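Here are the chains, one letter per residue:
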Amino acid sequence: MAKKTIITAAVTGAWPKKENNPNVPMTPSEIADDMYACWKAGAAIIHIHMRDDEGNGTMDHNKFRETMQIFNERYPDCDVIVNMTTSGDIHADDETRVQHIKELKPEMASYDCGSMNWLNSGLFLNSPKFLEDCGKLFQETNTKPDIECFDPGMILNCAYYIKKGILKTPVHIQFCMGCANGIPGTMKNLAFMKDTADELIGKGNYTWSCFGVGHSAMEMLYGGVAMGGHVRVGMEDNVMYSKGVLAESNVQFVERAARVIREFGNEVATPAEAREMLNMGPYRRIEA
């Protein structure tokens, strides 16, 4: 039986705007439509951020609710795993960052496992208290943490919170490669991140995915598939499809990832298969 590989589509992010790429979805309506289109193209997980009316990243819980209301109304047949960010605005307070989790109880949400400088311009703070409170909240809402690790130290943090019972195995780790002030996106570094997780978390205690920002995108796409992991693609991480060529859509990224997976000899995982692989339980519709 061919191995199943999960595609996550990170469709919006907090940074790129229409001037960076006119095809970036920004409004709740655009994001909802893009979520469905990426699911149709093969994405089992959709990672979403929200934007305010000026196009800046926001953690406004009402925007998350509006997006899901539109999505549910237009696409009642879609069983995609919705993965909501908890870090769409580095200036938001801790309570604001998780209000939508408390209200909407998504199947999955991001869990950034440490603090770092962000894009050489600010501080991305994830305090020990926030990580503990967030981990406990996710257990209460039955939300699977997408544990984003931007450097090896965050894998060590993950192991610590597993030991404390804040995170439950098997965990799902996202190796975030090539971000400014994070670990560079190279195969050598991806192998190092996986070896570190094998040592600290233990084989069998985690699943993993990866993505590469900018010029490291293709290396991480190929590397993630070849090393037996899963992959994330989309305009949160890249607005260029190739050097000098703007991406036409998030679907374009998903379709390429699906081609790579199939050419390698794997199969693209459905949302139901992804839930089973990630130990998530049955589909749970977000009631917005």
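Refer to the structure above for everything that follows.
Residues numbered from 1 in each chain as written. Predicted model: local features only at pLDDT ≥ 70, side-chain atom pairs only at ≥ 80, totals over all residues. Heavy atoms only, no water.

Caption draft 1: Inspection of helix 2 (residues 61–74) at higher detail. Taking 1.5 Å per residue as the helical rise, helix 2 with its 14 residues ought to reach 20 Å, and the 20 Å between its terminal C-alpha atoms agrees with that figure. By the burial criterion, the buried members of helix 2 are Lys63, Phe64, Thr67, Met68, Ile70, Phe71 and Asn72. The secondary structure elements touched by the buried residues of helix 2 are helix 1 (28–41), strand 3 (45–48), strand 4 (50–51), strand 5 (57–58), strand 6 (81–84) and helix 3 (94–104). The distance from a side-chain oxygen at the start of helix 2 to the backbone nitrogen of Asn62 is 2.9 Å, and the residue carrying that oxygen is Asp60. (Helix = DSSP H or I, 4+ residues; strand = E, 2+ residues; numbered from the N terminus. Expected span 1.5 Å × (residues − 1). Buried < 20%, exposed > 50% of the residue type's maximum accessible area, 1.4 Å probe, protein only. Contact = heavy atoms within 4.5 Å. Polar contact = N/O pair within 3.5 Å; in protein donor to acceptor, adjacent residues only side chain to side chain.)

Caption draft 2: Examining the environment of Arg51 more closely. When you line up the elements, Arg51 lands in strand 4. With relative accessibility at 2%, the residue Arg51 sits in the buried group. Separated by 51 residues in the primary sequence, Arg51 and Lys102 have C-alpha atoms spaced 19 Å apart. Residues within four places of Arg51 in sequence aside, it is in contact with Thr12, Gly13, Ala14, Trp15, Pro16, Lys17, Val24, Met26, Asn56, Gly57, Thr58 and Lys63. A distance of 3.0 Å separates a polar atom in the side chain of Arg51 from the backbone oxygen of Thr12. Within the structure, the side chain of Arg51 is placed 2.8 Å from the backbone oxygen of Gly13, a separation counted as a polar contact.

Caption draft 3: The arrangement of the nonpolar core in detail. In terms of nonpolar packing, the biggest core is built from 83 residues, with Ile7, Ile48, Tyr111, Ile173 and Phe175 touching the most fellow members. In this structure Ile48 touches Val11, Ile31, Met35, Phe64, Met68, Val82, Asn83, Met84 and Thr85, once residues within four positions along its chain are discounted. Within the second largest apolar cluster, nine residues are counted, among which are Ile6, Ala44, Leu278 and Met280. (Core = buried A, V, L, I, M, F, W, Y, C linked by side-chain atoms within 4.5 Å.)

Caption draft 4: Region of interest: the sheet that holds strand 13 (residues 230–233). Taken in spatial order, the eight strands close into a barrel running 2-3-6-7-10-11-12-13, and their pairing is parallel. When strand polarity is set aside, the average angle formed by the axes of neighbouring strands in this sheet is 25 degrees. Taken together, the four bridges between strand 3 and strand 6 define a ladder with parallel strand orientation. Across the sheet, the residue bridging to Ile48 is Met84, located in strand 6. Where helix 6 (residues 187–200) meets the sheet, it contacts strand 10 (144–149), strand 11 (171–177) and strand 12 (206–212), and its direction lies at approximately 155 degrees from that of strand 11. (Pairing = 2+ DSSP bridges. Axes fitted to C-alpha atoms, helices over the stretch in contact; angles between N-to-C directions.)

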